Amino acid sequence: MPITVSELKNKGEGEEILLNGWLQEIRNLKKISFLVLRDHTGTIQITAKPDLTENYDSISQITRETVLSVHGNLTRKTQSKSGIEILAKSVKVLNEAKSPLPLGIIDPVGADIETRLTNRFLDLRKPEVALIFRTESELLWGMREFFHDSGFVEVHTPKIVAAATEGGADLFQVQYFEKQAFLNQSPQLYKEILISAGLNRVFEVGPAFRAEKHNTPRHLNEFTSIDIEMGFADHNDAMHMLQEGVKSGIRHLVSHAPVSTAPPSAKIQIPEGNFPRITYRECIKKLESKGEKVKFGEDFTPEQLKLIGSEFTSFYFITEWPSSLRAFYTQPKPGDEVVSNSFDLQYREYEITSGAQRVHDPLLLEERLKSKGLNPEDFSFYLNAFRYGMPPHAGWGLGLERLVLIILNLQNIREATLFPRDRTRITP
Ligand code: AMO
């Protein structure tokens, strides 16, 4: 049975070993070859010698990144960094790699992001790149576990839809037989319908599509949205779930540190206590005190968010956004309706999540649709769910790639996306 590189530490001197992996490096000296074999758990030095290894002469020809199966014996009498090596009895080529490689795995000169993305299958062989997605996986497991334990049902809503949720300009159109359809921007309408349906608490992890034309280090045209919706709940309940969900995800990540390289989780802080809150109006005051001019009803620029973010050391909420800035389904704040029961979760200048209490009164909802220039008839399948007993409800949507970006301190959201879809890229 083959074992992994990380399992070698449990093996004794002289034990017989079968290992599979990629040839990362090879050094051929006169009567000895040193190979570095890499699998998903790490690297190990393999030593081949004419009197020890079958077909020794063919080994020096093996190209980098060829897939190998190595049979040999473990020895700890070695100068190698890990203190273990394998003395090879046979080195079998399972599949040869073409040479030269379009992207080096260990070459010190970092390739640009476009070359990396074009050759993503090779880029992901770099342990530090794979680690981003191992991190994402652990983070999501932790969050899933938290929502499952908090009584949420994981749901899957359609991605081919008939109506916009987050503004008509950013929609991808799809020809759906004889009808015009769209790719969903968010599961917003469906997660709300499921509250009328009585599921009470739902969460979804799925793709969301935005036809935003700008190319920035924070925007994708397809991203992974983690969404929740809760019945008989308001924006404060939703903020509490968000705060605890994010903390649980990070806690899980730190305690299940991905293996292959030095875990960055050592540096990741698990946020503690309640995330601080600042209202939109307080943000304006703060910005004005720093010499910025902001009109009520305008969104903050990235530079202004940087200024606000510099006041906080970790996650923080911006609450009570102007109703005019938020989508039609957002509940205006009772008694102060120019602002809304809404929030964004921020980390420095990055918006990680938007959420709100929702309008649950069907008449108000129709009014809000009209005030945003939308036609209630296009939303009749949604409005119907509000006419026969819709509980008050609240929820949020979180961009998974943005959360990974800030946790690992990456420069570009594309690094946190396996196969990014941006303004110009639809392959690989
Ligand atoms: P919003 O449009 O703010 O809200 O999106 C929610 C979160 O999704 C992420 N996000 C993106 N990530 C990468 N690229 C993009 N182009 C992109 N657009 C959005 C962000 C953002 O905070 N229906 C509401 C949520 C709700 O109220 O439940 C919504 O979609 O992290």
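Here the structure is a predicted model, which is why all the values come from computation and not from measurement.

## Quick word on the sheet that holds strand β11 (residues 222-231)
- Taken in spatial order, the eight strands make up an open sheet running β6-β10-β11-β18-β17-β16-β13-β12, and their pairing is mixed. In the strand order of this sheet, the two ends are held by β6 (153-154) and β12 (277-279), each with one partner.
- Pairing between β12 and strand β13 (residues 315-319): three bridges, direction parallel. Within β13, the position partnered with Thr-279 by the bridge is Thr-319.
- Each of β10 (201-209), β11 and β18 (393-399) touches helix α5 (residues 188-196); the most contacted strand, β11, lies at about 20° to it.

## Structural notes on the pairing of strand β4 (residues 67-75)
- Counting buried residues along β4, seven of its nine residues qualify, which places the element largely inside the surrounding structure.
- Note that strand β1 (residues 16-28) and β4 share seven bridges and pair antiparallel. Residue pairing across strands places Leu-19 opposite Val-70, the latter belonging to β4.
- Sheet topology note: the β4/strand β5 (residues 85-95) ladder contains nine bridges and is antiparallel. Bridging from a neighbouring strand, Gly-72 pairs with Ala-88 of β5.

## Some details on the site of the ligand
- Near the ligand you find 22 residues, and of these Gln-188, Lys-191, Glu-212, Glu-351 and Arg-358 are the closest.
- Contact distances for the ligand include 2.9 Å between an oxygen atom and a side-chain N or O atom of Arg-210.
- Separating an oxygen atom of the ligand from a backbone N or O atom of Ile-352 is a distance of 2.8 Å.
- A total of 620 Å² of accessible area belongs to the ligand in isolation, and the protein chains cover 93% of it.
- Within the residue set of the shell around the ligand, elements represented by two or more residues are α5, β17 (350-357) and β18.
- Among the elements that make up the shell around the ligand, the one with the highest residue count is β17 (five residues).
- Among the residues forming the shell around the ligand, the class breakdown is six nonpolar, eight polar and eight charged.

## Details of the packing of aromatic side chains
- Scanning all chains against the criterion turns up 20 aromatic pairs.
- An angle of 80° between the planes, with centres 5.3 Å apart, marks the rings of Phe-328 and Tyr-329 as edge-to-face.
- Exposure remark for Phe-328: the relative accessible area of 2% places this residue in the buried category.
- For Tyr-329, a relative accessible area of 7% puts it in the buried group.
- Considering the side-chain rings of Tyr-382 and Phe-386, the 4.9 Å spacing of their centres and the 65° angle between planes classify their relative orientation as edge-to-face.
- According to the relative accessible area criterion, Phe-386 is buried, its value standing at 3%.
- Through pairs of rings, three or more aromatic residues link up here, namely Phe-146, Phe-147, Phe-152, Phe-203 and Trp-396.

Cut-offs applied
Position numbers for residues start from 1 in each chain and track the written sequence from start to end. Thresholds applied to this predicted model are a pLDDT of at least 70 for local features of residues and 80 or more for the giving and counting of side-chain atom pairs; totals over whole chains, interfaces and linings are not thresholded and use all residues. Think of the side-chain values as coming from all heavy atoms in the structure, minus any hydrogens and water. We call two strands paired when DSSP finds no fewer than two bridges between them. Numbering goes from the N terminus for both helices and strands, where a helix is a DSSP run of H or I of at least four residues and a strand is a run of E of at least two. Any two residues whose heavy atoms approach within 4.5 Å are treated as being in contact. Throughout, an axis means a line fitted to C-alpha atoms (over the contacting stretch in the case of helices), and angles, computed between N-to-C directions, take values from 0 to 180 degrees. Accessibility here uses a 1.4 Å probe with only protein chains present; expressed as a share of the type maximum, an area under 20% marks a residue as buried, one over 50% as exposed, and anything in between as partly exposed. For this purpose, a residue is taken to be near a molecule or strand whenever a single non-hydrogen atom of the residue falls within 4 Å of it. In the analysis that follows, any N or O atom pair within 3.5 Å is treated as a polar contact, provided that within protein one partner can donate a hydrogen and the other can accept it, and provided that, for residues neighboring in sequence, both atoms belong to side chains. Surface accessibility in these figures is a Shrake-Rupley result with a 1.4 Å probe; residues are shielded only by whichever protein chains are displayed. Amino acids outside the nonpolar list (Ala, Val, Leu, Ile, Met, Phe, Trp, Tyr, Cys, Pro) and the charged list (Asp, Glu, Lys, Arg) are all regarded as polar, and Gly is one of them. Pairing of aromatic rings covers Phe, Tyr and Trp, the last through its six-membered ring, and needs centres within 6.5 Å; plane angles under 30 degrees mean stacked, over 60 mean edge-to-face, and all others mean tilted.

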